[in-house]
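Analysis of the macromolecular model
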Amino acid sequence: MARSRRLILAATAAAGFMFITGTSMAQDAYPSKPIRIVVPYAAGGSTDQLARAIQQPMQEFLKQPVIIDNKPGAGGAIGTENVVKSAPDGYTLVFGNSGPNAILPLLRKTPYDPLKDLRPISTVAITPMILAVSAQSPAKNLKEFVALAKASGTDWNFGSVGNGSLSHLTGEYFNTLSGLKLQHIPYNGGAPMMTAFAGGQLQAAFVTGLDGAAMLAGGRVKYVGVGTLKRTDVVPGLPAIAEEVPGFRSVAGFGVLAPSGVPDAVAAKVHEAVVHATARPEVRKMFSERLIEARSSTPQELEQMIRDEMAQWGEVAKRSNIRLD
């Protein structure tokens, strides 16, 4: 009996050792197959462009193919849920932004909790929201725009790329802090909004440098202020909106996250790859030309950014009664 018990204990210990060793070897061998980065938006959009900018450098660093997989829908929730439900092995990641990572779960029920179901890896880019006004606007600068908008009462408006988007919440936040009463007009994406600017139907909108580039180049808009607390080299020559509207800040963040439960060693390897890619001169140049700052971070910094965004925009949504249910 005692001998049998010893044999059972020995076999159990051996099996445990083999499991631990096998798991460790699997992590040490990571990656051993292609890695899929889900972009929860359509191909060609701003988030997709940024993800594709780091695709090749990550591929070179990890020595495995990195595949961009666009899964748009439900404001980014469909693609994000796809990653949350994937095996936590580091072979499925999400390239997210402030929308599905922080804002969307505040406005309606989502099939995931970004703070529980996703493991932050690193930020990739930070870009301030920019106040764009119609090229035909009599306002030559931010100060004049605020003064004219106040005098207009409720006659002036601002556009957004959709209800509950960062551009929508930023406009309402601007209204609250400035005392303005700009009327919100939502559009189904940036292209229809650009058409509205061209047709003189919009007075203003909050855009990223990437989204607003075509409108600026086409002479449809002019930029009058940037959403950082102080002037920034990311958007040179523009005053901070906070100079006229104290406390105003609106910045969009982009980053890579993995399903929760990804082993530490695997998460660390992915983090190295993202940091490497973000530091590449060609990536930084591409971002800079689009008024975006290439910026990697620690996982803890990305998590704190998401928490800060949830706190800021949750308050705005509540005050402005913004819900998507």
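Structure first, text after, so check above.
Residues numbered from 1 in each chain as written. Predicted model: local features only at pLDDT ≥ 70, side-chain atom pairs only at ≥ 80, totals over all residues. Heavy atoms only, no water.

Brief notes about the pattern of salt bridges
What counts here: By definition, a salt bridge exists where a carboxyl oxygen of Asp or Glu is found within 4 Å of a side-chain nitrogen of Lys or Arg. Strands here mean DSSP runs of E at least two residues long; helices mean DSSP runs of H or I at least four residues long; both are numbered from the N terminus. Accessibility here uses a 1.4 Å probe with only protein chains present; expressed as a share of the type maximum, an area under 20% marks a residue as buried, one over 50% as exposed, and anything in between as partly exposed.
This structure, assessed with the given rule, holds 14 salt bridges. Note that R231 is salt-bridged to E243, the shortest N-O span being 2.8 Å. Within this pair, whereas R231 is found in the loop between strand 9 (221–226) and strand 10 (251–259), its partner E243 is found in the loop between strand 9 and strand 10, the two being separated by twelve residues in sequence. When the shortest N-O distance is used, the salt bridge between K285 and E289 registers 2.5 Å. Taken as a pair, K285 and E289 lie in helix 11 (residues 281–289) at a separation of four residues, close to a single helical turn. Here K285 and E289 have matching classes, each one exposed.

Some remarks on empty space enclosed by the protein
Taking a probe equal in size to a water molecule and rolling it over the atoms shows the remaining empty space. Selection criterion: Using protein atoms alone on a 1 Å grid, points that fit a 1.4 Å probe yet trap it form a cavity, whereas open point sets bounded by protein on both sides within 12 Å along at least five of seven lines form a pocket; residues with an atom within 4 Å of a point count as lining. Grid points are joined across faces, edges and corners, and a volume is the space filled by probe spheres set on the points. Residue polarity is assigned by list, with Asp, Glu, Lys and Arg as charged and Ala, Val, Leu, Ile, Met, Phe, Trp, Tyr, Cys and Pro as nonpolar; anything else, Gly included, falls into the polar class.
Applying the stated rule across the entire model yields one cavity of 30 Å³ or more. The calculated volume of the largest cavity comes to roughly 40 Å³. As for the largest cavity, its lining consists of G96, N97, S98, N101, G253, F254, G255, L302, M305, I306 and E309. For the lining of the largest cavity, the secondary structure elements donating two or more residues are strand 3 (92–97), helix 4 (98–107), strand 10 and helix 12 (299–320). With four residues, helix 12 is the largest single contributor of residues to the lining of the largest cavity. Its residues assigned to classes, the lining of the largest cavity comprises four nonpolar, six polar and one charged.

Quick look at helix 2 (residues 46–62)
Because an α-helix packs 3.6 residues into every turn, residues spaced three or four apart end up facing the same way. Here is the rule we go by: To estimate the expected span of a helix, count its residues, drop one, and scale the result by 1.5 Å. Two axes are fitted around each residue, one to the seven residues ending there and one to the seven starting there, and the angle between them is reported as the bend at that residue.
Taking 1.5 Å of rise per residue, 17 residues should cover 24 Å, and helix 2 covers 24 Å from first to last C-alpha, within 8% of that figure. The largest bend in helix 2 amounts to roughly 30 degrees and is located at Q55, with the proline P57 lying one to four residues further along. Within helix 2, the full set of buried residues consists of S46, T47, D48, L50, A51, A53, I54, P57, M58 and L62. In the segment just after helix 2, K63 is the residue with positive phi, at about 60 degrees.

Digging into the sheet that holds strand 5 (residues 130–134)
The line we're drawing: One bridge is not enough; two strands pair if DSSP finds at least two bridges between them. The convention used is that axes are lines fitted to C-alpha atoms, helices contributing only their stretch in contact, and that angles between N-to-C directions extend from 0 to 180 degrees.
Spatially, five strands are ordered 7-6-8-5-9 in an open sheet, and the strand pairing comes out mixed. Strands at the two margins of the open sheet, each flanked by one partner only, are strand 7 (183–186) and strand 9. Going across the sheet, the axis of each strand differs from the next one's by a mean of 30 degrees, ignoring polarity. Across four bridges, strand 6 (residues 157–160) lies against strand 7 in parallel orientation.

Concerning the packing of helix 7 (residues 166–178) against helix 12
Working note: a packed helix pair is described by the angle between its axes plus the distance between those axes. Convention followed: Orientation categories follow fixed angle ranges, with anything under 35 degrees roughly parallel, anything over 145 roughly antiparallel, 65 to 115 roughly perpendicular, and all other angles oblique. By the convention used here, residues are in contact when the closest approach between their heavy atoms is within 4.5 Å.
At their nearest, the axes of helix 7 and helix 12 sit 10 Å apart, and the two run at 70 degrees to each other. Judged on the interaxial angle alone, helix 12 and helix 7 are roughly perpendicular. Here L166, L169, T170, E172, Y173 and T176 of helix 7 lie close against helix 12, whose contacting residues are Q312, W313, V316, R319 and S320. Classifying every residue of the contact of helix 7 with helix 12 gives five nonpolar, four polar and two charged.

Quick word on helix 4
Quick note on the threshold: Under the rule applied, a polar contact is a pair of N or O atoms within 3.5 Å (in protein, one hydrogen donor and one hydrogen acceptor; residues adjacent in sequence only if both atoms are side-chain atoms).
The element helix 4 is extensively covered by neighbouring structure, given that seven of its ten residues are classed as buried. Listed in full, the buried residues belonging to helix 4 are S98, P100, N101, A102, I103, L104 and L107. Measuring from the side-chain oxygen of the N-cap residue of helix 4 to the backbone nitrogen of G99 gives 2.8 Å; that N-cap residue is N97.

Considerations on the nonpolar core
To be explicit about the condition: Nonpolar core, defined: a set of buried Ala, Val, Leu, Ile, Met, Phe, Trp, Tyr and Cys residues in which side-chain atoms within 4.5 Å join the residues together.
Formed by 63 residues in total, the largest nonpolar core has its most connected members in M58, F95, L131, F145, F174 and F287. Not counting chain neighbours up to four residues away, the residues in contact with L131 comprise L142, F145, F174, A204, A205, F206, K222, Y223, V224, G225 and I241. The next biggest cluster of nonpolar side chains, apart from the first, holds 17 residues, and it includes V207, M215, V226 and L238.

A short note on the pairing of strand 9
Of all six residues in strand 9, five are buried, a share of seventy percent or more. Bridging between strand 5 and strand 9 involves five bridges; their strand directions are antiparallel. Across the sheet, the residue bridging to L131 is G225, located in strand 9.

Honestly, it's all geometry; don't read function into it.
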